[in-house]
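# Structural overview
Below, each chain spelled out in residue letters.
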Amino acid sequence: MKKRVSIGDVAAMAEVSITTVSRVINDTGYPVSAQVRDRVLAAVDALHYSPNMAAQRLRDDFNRVIGLIVRDISNGFFGEIAKGATERAMELGYLCFVCNTGRDIVKEMEFHELLWRNRVRGIVLVGGGIDTPEYQELMENQVKRCSRFDLRIIANSPQGVNVPLVSIDIREIVAMITNYFLDHGHRVIGLITGEQGVLTSQIHRESFMRTMAERSVKVYPELIKFEAFTEQNGYARCMELLRHTPRPTAICCGCDPIAAGAIHALNDAGLEVPRDVSLISIGDTPLAAHLRPALTSVHMPRYSMGARAIELLLSNEKIEDSYIEYLPVQFYERESVRTLDLRG
């Protein structure tokens, strides 16, 4: 079978970035030298790459297919969103095509191109966007192109560009957790979250620091750790926090796997939850209730987030790019938080 030519193939032949190819073929107005433009157009011609033909097909018709671009399908949190999306789409007579990027920008743009050229009805972005100028420009170009051809993009987390959002209020969740710790007497509090370049992680940090400042409580920058939304990260970063003086009495974990890793780290360090360190996680996947001790956690309606994104995508109503719909969350108090007596 003949290999489908992608925008990445054009970039490789022209010896430029995907961003530059996108600027040329989408005529964004961004300054590109004549020499580079000629190389890109020559590669487009040599490879018989035809974005304009695909665009015309998109104007004329859509397939009953929806693309799900998932940043990490191995993450159970994202998997539940994808489940809600695929099942709701099927109920409405559509098929979902799931694309796992692994947070690889080039791979993600390849998926955008493939879905666009195959006339999908729309795209759901599952997972936070990446805070780099290259990614933001590429996403802006994708959004503009999709908008021209009535192909709708819906996101489940902030992307750094204006697209309709069906999500939860991440800032409010982190503020809720931070205030809960403070109300239970904790003053030295740590935060372990995902990659620093992921917008969700940045929101975790911003909300945490703002809430601490509003309560006039000192923030220790060394107690804020970024890495990945994984158990391995939770373990490694928790071990780093335990070496800090003063040692944190509470840790906010950006997801349940991070919290699971932190519990293992505390056990290996001879410490107990919540006697020595209290934990609260974001997500409330099935893992949270089955850890020992059971995690106090904020439940996020993952399935509903996916299902509602599909409903919005297929809606006939006009939806502004600035549209935001927050779904309700629930705070489950379990066994992982201790109340400290500040008088002592």
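About the thresholds
Residues numbered from 1 in each chain as written. Predicted model: local features only at pLDDT ≥ 70, side-chain atom pairs only at ≥ 80, totals over all residues. Heavy atoms only, no water. Helix = DSSP H or I, 4+ residues; strand = E, 2+ residues; numbered from the N terminus. Rg over C-alpha atoms; globule rule 2.2 N^0.38 Å. Buried < 20%, exposed > 50% of the residue type's maximum accessible area, 1.4 Å probe, protein only. Contact = heavy atoms within 4.5 Å. Areas by Shrake-Rupley, 256 points an atom, 1.4 Å probe, with all protein chains shown as cover. Lys, Arg positive; Asp, Glu negative; His and termini not counted. Charge placed at Lys NZ, Arg CZ, Asp CG, Glu CD. Pairing = 2+ DSSP bridges. Axes fitted to C-alpha atoms, helices over the stretch in contact; angles between N-to-C directions. Right-handed = clockwise from strand over helix to strand, strands pointing away. Expected span 1.5 Å × (residues − 1). Arc of directions from axis to C-beta. Polar contact = N/O pair within 3.5 Å; in protein donor to acceptor, adjacent residues only side chain to side chain. Parallel < 35°, antiparallel > 145°, perpendicular 65-115°, else oblique. Left-handed = near helix turned anticlockwise from the far one by under 90°. Nonpolar A, V, L, I, M, F, W, Y, C, P; charged D, E, K, R; others polar.

Our next topic: the overall build of the chain. When helices and strands are counted, the chain shows 13 helices and 12 strands. For 344 residues, the compact-globule estimate of 2.2 N^0.38 gives 20 Å, and the chain sits close to it at 23 Å. Reported as C-alpha extents along the three principal axes, the dimensions of the chain are approximately 75 × 45 × 40 Å. A total of 344 residues make up the chain; the buried ones form 56% of that total. Restricting the contact set of the chain to residue pairs at least 6 apart, pairs at least 24 apart contribute 77%. Of the roughly 15500 Å² that the chain leaves accessible, carbon and sulfur atoms contribute 50%. Once the 39 positive and 43 negative side-chain charges of the chain are each reduced to a mean point, those two points are 1 Å apart.

With an omega dihedral of 0°, the bond running from Thr-245 to Pro-246 counts as a cis peptide bond. Tracing the backbone shows Pro-246 in the loop between helix H10 (231-242) and strand S8 (250-253). Positive phi outside glycine occurs at Ser-216, with the angle close to 55°. Here Ser-216 shows up in the loop between helix H9 (199-214) and strand S7 (224-226). Positioned with a positive phi, Asp-284 is a non-glycine residue whose angle comes to about 55°. Mapped onto the secondary structure, Asp-284 falls in the loop between strand S9 (278-283) and helix H12 (286-290). Asp-284 sits in the buried class, given a relative accessible area of 8%.

The subject of this paragraph is the sheet that holds S8. Here we have six strands laid out as an open sheet, ordered S7-S6-S8-S9-S10-S12, and mixed in their pairing. Edge positions in the sheet fall to S7 and strand S12 (330-332), since each has one partner strand and no second. Each strand of the sheet is rotated relative to its neighbour by a mean of 15°, with strand direction disregarded. Pairing of strand S10 (residues 296-299) with S12 involves three bridges; the strand directions are antiparallel. Across the sheet, Ser-297 pairs through a bridge with Tyr-332, a residue of S12.

The next point concerns the pairing of S8. On S8, burial covers both faces: Ala-250 and Cys-252 on one face and Ile-251 and Cys-253 on the other are all buried. Alignment of S8 against S9, held across four bridges, turns out to be parallel. What sits directly across from Ala-250, in S9, is Ser-278. What joins S8 to S9 is helix H11 (residues 256-268), and the crossover it makes is right-handed.

This part is about helix H5 (residues 76-91). Counting along an α-helix, one turn takes 3.6 residues, and residues three or four places apart therefore face a common direction. A rise of 1.5 Å per residue sets the reference length of H5, with its 16 residues, at 22 Å; its end C-alpha atoms lie 23 Å apart and thus fit the reference within 8%. Listed in full, the buried residues belonging to H5 are Phe-77, Phe-78, Ile-81, Ala-82, Gly-84, Ala-85 and Ala-89. The buried residues of H5 all sit within an arc of 160° when viewed along its axis, so they share a single face. Facing away from the buried surface of H5 by more than 90 degrees, the exposed residues are Met-90 and Glu-91. Against strand S1 (65-70), strand S2 (95-100), strand S3 (122-126) and helix H13 (302-314) lie the buried residues of H5. N-cap assignment for H5: the residue whose side-chain oxygen lies 2.8 Å from the backbone N of Phe-77 is Asn-75. Following H5 by one or two positions, Gly-93 adopts a phi angle in the positive range, close to 85°.

The geometry of H10 relative to H11 is characterised by a closest axis approach of 6 Å and an angle of 45° between their N-to-C directions. The orientation of H10 relative to H11 falls into the category oblique. In the packing of H10 onto H11, the handedness of the crossing is right-handed. Residues Glu-231, Asn-233, Gly-234, Tyr-235, Cys-238, Met-239 and Leu-242 of H10 pack against Pro-257, Ile-258, Ala-260, Gly-261, Ala-262, His-264, Ala-265, Leu-266 and Asp-268 of H11. Its residues placed into classes, the contact of H10 with H11 shows 10 nonpolar, four polar and two charged.

A word on the environment of Glu-272. With respect to the secondary-structure elements, Glu-272 resides in the loop between H11 and S9. Residue Glu-272 is classed as partly exposed on the basis of its relative accessible area of 41%. The sequence separation of Glu-272 and Met-305 amounts to 33 residues, and the corresponding C-alpha distance is 34 Å.

What follows covers the packing of helix H8 (residues 170-183) against H9. The interhelical angle for the contact between H8 and H9, taken along N-to-C directions, is 40°, at an axis separation of 8 Å. Classed by the angle they form, the pair H8 and H9 counts as oblique. Crossing geometry of H8 relative to H9 is assigned as right-handed. Contact residues: H8 offers Ile-170, Arg-171, Val-174, Ala-175, Thr-178, Asn-179 and Leu-182, while H9 offers Thr-200, Ile-203, His-204, Glu-206, Ser-207, Phe-208, Arg-210, Thr-211 and Met-212. Here the contact of H8 with H9 is composed, by residue class, of seven nonpolar, six polar and three charged.

What follows concerns H11. Between its first and last C-alpha atoms H11 spans 19 Å; for 13 residues at 1.5 Å apiece the expected length is 18 Å, and the two agree. Turning to H11, its buried residues number three or more, namely Asp-256, Ile-258, Ala-259, Ala-260, Gly-261, Ala-262, Ile-263, Ala-265 and Leu-266. Residues of H11 that are buried make contact with strand S6 (189-193), H10, S8, S9, H12 and S10.

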